[in-house]
Structure formats: structure tokens, C-alpha cells
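Residue strings, one per chain:
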Amino acid sequence: MDMRWWALGAVTLGTFMTYLDNNISNVSLPTIQRDLGLTLSGLEWVATGYMLVFAGLMLVGGRLADVIGKRRTFLIGLAVFTLSSMGAGLAPDGATLIAARAVQGVGAALLTPTALALISSIFPDPRERGAAVGIWTASGALSMALGPATGGFISQNLHWGWIYLINVPIGVATFALALWAIRPDTHRVRHSLDLPGLVTSAIALFALTFGLIEGWNLPLVAVTAGSAAAFVLIESRSKQPMIDVSLFRSRVFTGGTLAMGLWSFGVFGIYFFSALWLQNSLGFTPVEAGAAFVPMALVMAVVALQSQRLARLLGNAQTVALGLGLMAVAVLGISSVGADGGYLDVLPWFLLYGLGGGMLVPLTTMILGALPAERAGVASGVLNVSREVFGLLGITVLGAILSARQSQSTFLAAYQSTLVIAAIIVAVGVPVALFSLRRTAQAAMAGASN
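Residues numbered from 1 in each chain as written. Predicted model: local features only at pLDDT ≥ 70, side-chain atom pairs only at ≥ 80, totals over all residues. Heavy atoms only, no water.

1. A word on the overall build of the protein
Counting its secondary structure elements, the protein contains 18 helices and zero strands. In summary, the protein has a C-alpha radius of gyration of 21 Å against a globular reference of 22 Å for 450 residues, a match within 12%. By its C-alpha atoms, the protein is 55 × 50 × 50 Å across when sized along the principal axes. Going through the 450 residues of the protein one by one, you find that 55% of them count as buried. Expressed as a percentage of contacts within the protein between residues at least 6 apart in sequence, the contacts between residues at least 24 apart total 85%. For the protein, the computed accessible surface area is about 18600 Å², with 69% contributed by carbon and sulfur atoms. Seen as two clouds, the 23 positive and the 18 negative side-chain charges of the protein have centres 13 Å apart. (Helix = DSSP H or I, 4+ residues; strand = E, 2+ residues; numbered from the N terminus. Rg over C-alpha atoms; globule rule 2.2 N^0.38 Å. Buried < 20%, exposed > 50% of the residue type's maximum accessible area, 1.4 Å probe, protein only. Contact = heavy atoms within 4.5 Å. Areas by Shrake-Rupley, 256 points an atom, 1.4 Å probe, with all protein chains shown as cover. Lys, Arg positive; Asp, Glu negative; His and termini not counted. Charge placed at Lys NZ, Arg CZ, Asp CG, Glu CD.)

Shown next, in the form of C-alpha cells:
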């Protein structure tokens, strides 16, 4: 087998591990709370501490990939995530677990943007890159299928620590494979770390994420706005800026990132509350609720692997727009399921959602292909920051709408109206994708001549 595909295997395994960790953890939080005697606030920080550090340092991870090399940054992130997973699994108390989860966030912030940057450099050919991104996306979908089931099994049959300890053998195997298969960077693209940019961007993202998770107050707004303004000022005057403003002159990059953000806003917010809906409104058991997502995730994985063929048939813009449209219809369809609904009422909409989600692979491929290779790290960081921040915004805003409407009606009625809003937001991504990802006449002529 071509060494590049072994390298893709290492990148995919690393990303799969971080995604699996999130999906496993959520199922097991009640068990962790009971065993460690955590308060509700402490339990929330087991999840949010990871998210806070992860989102806050994502641009830092992308920049480091461009400065010290993608392979080196990936290996460092992998090592940090694996070791901190061991610390989390062996944690004797809540404070240690929260600290270990925060360090896991550091490792994930180095791993995630670097993974996409590595795929971009390993596969310069657009068709091969598309297939690679499809495999990478499918691994994320599979983690959605395996995570809840694995977490439930561990919670019921093993010590909760294995939720995190399971990452250790995966991490060691991935590190060995990456060390062997991923070629070292031949040269460093950038020589300046841009420390002022790193610090101000991290403060701005930390403050923004904290505000989305815990709520806003005047000092926090001031810190967020001030550090963001300082970051923009620093970057506009830097000789080697961390984020060159020319990135956003690319229609594909800017529009594609916005489309990804709109998808995250609608979908993250709904996914976050789906387990409550299935159990509290439809009467599913925890195991049944977790199993309900498995067919959707498997369909998403299969379609992701075939999405490039569909894109060649319909066009990238049309494929992504169709995927977003199908997801919007699926979310709207879920809102029609009443309190007497069962698994067969939910299943068709979940399958449609998975079909649409698998068709979004060309979106990531086009965003990566729109920029030169030397900017791949920080561009991947921007893409992932957009996804995480918009996702947190979706959880916050849709959660607030859900809470406000629940005070006036039942949870089911409030959830259904919130789904309609989420469907509209996802649907906005359809015209955004059609406009931003369309081929220009010059690009079409260039493609015809090749």
C-alpha cells in the first residue's frame, strides 16, 4: 500500500480518538458524578473544561503546525492527549479529573487543525484529497455510532476510568504508526511564532467560549472585545501575521467557513438536546436513545466515502447545498414527531439527516484546496474554530429559546419549535454554499483543459 494511505490512517486514528472520547464521556457523566461525589457544577466542568481549552487554543495549534511542522505538532498533540487520558482515567478526585480533561483539550487543539493540514499536504491532488477527507469524515461519523454504545457498556460493566484509559492503547498505536508513515516536514514555512497574536487570540477565544458556556457579564464582554480588537490590530501590523487577512478574500474560504458555521449552529444545538427529547418525551431508555443514533452515523459514514463521486456528478456546490438542504428537511421532519412517536417514526428522519451530513465532505475539501499549502495549518485552525464557536453558540442560543418556551409549554412543544428555528438556520447555508463554492468561468476552463 502507498505510504500516504498509512499516513492517512494515523491522522484518522488520532482524530477518531478525540471524537470517540467526547461521545463516550457524555454517556458516563452520571456515573462519574456518583463515584467522585461531584456537584452539578463540578460535573459540568468535566465537559466544559475540555471544550474551553480546546476552542481557546485551536488557532495556536494551527499556527504551530505552520511554524514547527505539521508532523511534529501532530505527534506532540497526540502524546499530550494520550498521557492526559491516562491521568483522567486514574483521577482519584474531581479536581484531578477536571485538570486532566483541560490538558486533553490542549492535545486536541494541537491534533485537530493539524490533521486537516496533514491531509492537505499528503494529498495535493484534489481527487485523492477528496477521498482522504471522505475517509477522515467517515471516522468521525463512526465515532458517533460507537461512542454512546461503548460508553454505556463501560459505565454498566467496568470502572468509569476506562472511558479515558481506552485512549491509551489507541494513542500509542497511532503515535507509532504516525512516526513511521508520516514524512517529516522538509522545511519550516514560517519562522515567526507571532507570540502577541497567539496570546490575544487565545484570550479572545477563551473569553468567548467561557461566555457561551457560563453566561455573559460586562467584564467578560470587555475582555472578549478588547482582546479581539487587539488581535486584529496586531495582525494588521505584523510582518508575519498569524492570520493573513488575505485568507478572507477567498470566496471559497470565507463562504465555505460560514456555511460550515451555519451547519454547526443548527446541528450542535439540536444534537445536544436530542438525548433529552428521546428519553423525556418519547420514553426511550438510555440504551435505546444511544442506539437510535447508530443508523444515522453509519449512513453518514458510507455516504461520506462516496461523496466525491456524487460531487463529480452534480458539482461541489450543488452537492454541499443538497446535503445542507436534506439536513434542514430532516430536522424539520423530526419536529413533527409527537409524544406518541416511536423508533420507526424517528428513524427515517435520522437516516435522511445522515445522508445529508455525509454529502458535506466536498465543503471541507474545497476550503482546504482554496489556500496555498503553507497556510494549511492556521486555515484549518480557523475552520475548526468556526465550527466549535458556532456550535457552542447554537447550544447557547437554542438552549435559551428552548428554556424560555418550556416555561410557557411542555418540553416537547418547546423542543419542536426550537427544531424549526434550527432547520431554518441550516437551510440558510444552502444559498451560501451555492454562491461561495460555485466554479468561476476561468476555473471551469482550466478544469476542461486538464
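Read on for the rest.
2. A short note on the nonpolar core
Counting residues in hydrophobic clusters, the biggest one holds 106 residues, and the most contacted among them are Trp277, Leu278 and Tyr353. Considering every element that reaches this core, the biggest residue donor is helix H17 (residues 411–436), with eleven residues. Residue contacts for Tyr353: discarding those within four places in its chain leaves Trp263, Val267, Met296, Met300, Met327, Ala330 and Val331. Counting residues in hydrophobic clusters, the runner-up holds 17 residues, among them Leu36, Leu38, Val46 and Ala100. (Core = buried A, V, L, I, M, F, W, Y, C linked by side-chain atoms within 4.5 Å.)

3. Things to note about the pattern of salt bridges
One pass over the structure, following the stated rule, counts two salt bridges. In this structure, the salt-bridge partner of Arg4 is Glu128, at a minimum N-O distance of 2.7 Å. Of this pair, Arg4 sits in helix H1 (residues 3–36) while Glu128 sits in helix H6 (residues 126–157), and the two are 124 residues apart along the sequence. A relative accessible area of 24% places Arg4 in the partly exposed class. The exposure class assigned to Glu128 is partly exposed, which follows from its relative accessible area of 26%. A salt bridge links Arg101 to Asp21; the nearest nitrogen and oxygen atoms lie 2.6 Å apart. Within this pair, whereas Arg101 is found in helix H5 (residues 94–122), its partner Asp21 is found in helix H1, the two being separated by 80 residues in sequence. Taking relative accessible area as the criterion, Arg101 reaches 3% and is therefore assigned buried. Take Asp21: its relative accessible area is 0%, and that puts it in the buried class. (Salt bridge = Lys/Arg side-chain N within 4 Å of Asp/Glu carboxyl O.)

4. Some words on helix H8 (residues 167–181)
The first and last C-alpha atoms of H8 sit 20 Å apart over 15 residues, in line with the 21 Å expected at 1.5 Å per residue. Where H8 is concerned, the buried positions are Asn167, Val168, Gly171, Thr174, Leu177, Ala178 and Ala181. (Expected span 1.5 Å × (residues − 1).)

5. A few points about a nonpolar patch on the surface
Residues Leu193, Leu195, Val199, Ile203 and Val223 make up a contiguous nonpolar surface patch of roughly 400 Å² in combined accessible area. Here the nonpolar patch takes three residues from helix H9 (residues 195–214), the largest share from any one element. Inspection of the secondary structure assignment puts Val223 in helix H10 (residues 218–237). (Patch = residues over 30% accessible without salt bridge, like charges linked within 9 Å, V, L, I, M, F, W, Y side chains within 5 Å.)

6. Concerning the packing of aromatic side chains
Aromatic ring pairs are defined here through the distance separating the ring centres and the angle between the ring planes. The full count for this structure, using the stated rule, is seven aromatic pairs. Look at Trp6 and Trp180: their rings are 6.0 Å apart centre to centre, the planes differ by 65°, and that puts the pair in the edge-to-face class. Here Trp180 lies in helix H8 and Trp6 lies in helix H1, a separation of 174 residues in the sequence. Taking the relative accessible area as the measure of exposure, Trp6 reaches 37% and is therefore partly exposed. Aromatic pair Phe293 and Phe350: ring centres 5.4 Å apart, planes at 25°, arrangement stacked. Of this pair, Phe293 sits in helix H12 (residues 286–314) while Phe350 sits in helix H14 (residues 343–358); the two residues are 57 residues apart in sequence, bridging distant segments of the chain. Like Phe293, the residue Phe350 is buried in the burial classification. (Phe/Tyr/Trp six-rings, centres within 6.5 Å; stacked < 30°, edge-to-face > 60°.)

7. Considering the packing of helix H13 (residues 316–334) against helix H15 (residues 361–369)
One can describe the packing of H13 onto H15 by two numbers: an axis separation of 8 Å at closest approach and a directional angle of 135°. One finds that H13 runs oblique with respect to H15. You can see that H13 and H15 cross each other, and the crossing is left-handed. Of the residues in H15, those touching H13 at Asn316, Thr319 and Val320 are Pro362, Leu363 and Met366. (Axes fitted to C-alpha atoms, helices over the stretch in contact; angles between N-to-C directions. Parallel < 35°, antiparallel > 145°, perpendicular 65-115°, else oblique. Left-handed = near helix turned anticlockwise from the far one by under 90°.)

8. Digging into the side chain of Ser386
One can find Ser386 in helix H16 (residues 376–406). Overall, Ser386 belongs to the buried group, its relative accessible area being 10%. At a separation of 3.3 Å, a polar atom in the side chain of Ser386 contacts the main-chain carbonyl oxygen of Thr257. Sequence-distant contacts of Ser386, defined by excluding residues within four places in its chain, comprise Thr257, Gly261 and Gly391. (Polar contact = N/O pair within 3.5 Å; in protein donor to acceptor, adjacent residues only side chain to side chain.)

9. Remarks on H15
Burial runs high along H15: eight of the nine residues are buried. For H15, the complete set of buried residues consists of Val361, Pro362, Leu363, Thr364, Thr365, Met366, Ile367 and Leu368.

10. Concerning the confidence of the model for the protein
Summary statistics for the protein give a mean pLDDT of 83 and a share of 91% for residues scoring 70 or more. Here residues 440–450 scores under 50 on pLDDT; set against residues more than four positions off or in separate chains, the count is three contacts. (pLDDT = per-residue confidence, 0-100.)

11. Remarks on the environment of Trp277
With respect to the helices, strands and loops of the structure, Trp277 is situated in helix H11 (residues 251–281). With a relative accessible area of 1%, Trp277 lands in the buried category. Taking the C-alpha atoms as reference points, Trp277 and Leu383, 106 residues apart in sequence, are found 30 Å from one another. Apart from the residues lying within four places of it in its own chain, the contact partners of Trp277 are Leu282, Ile334, Val337, Val346, Phe350, Phe411, Leu412 and Tyr415.

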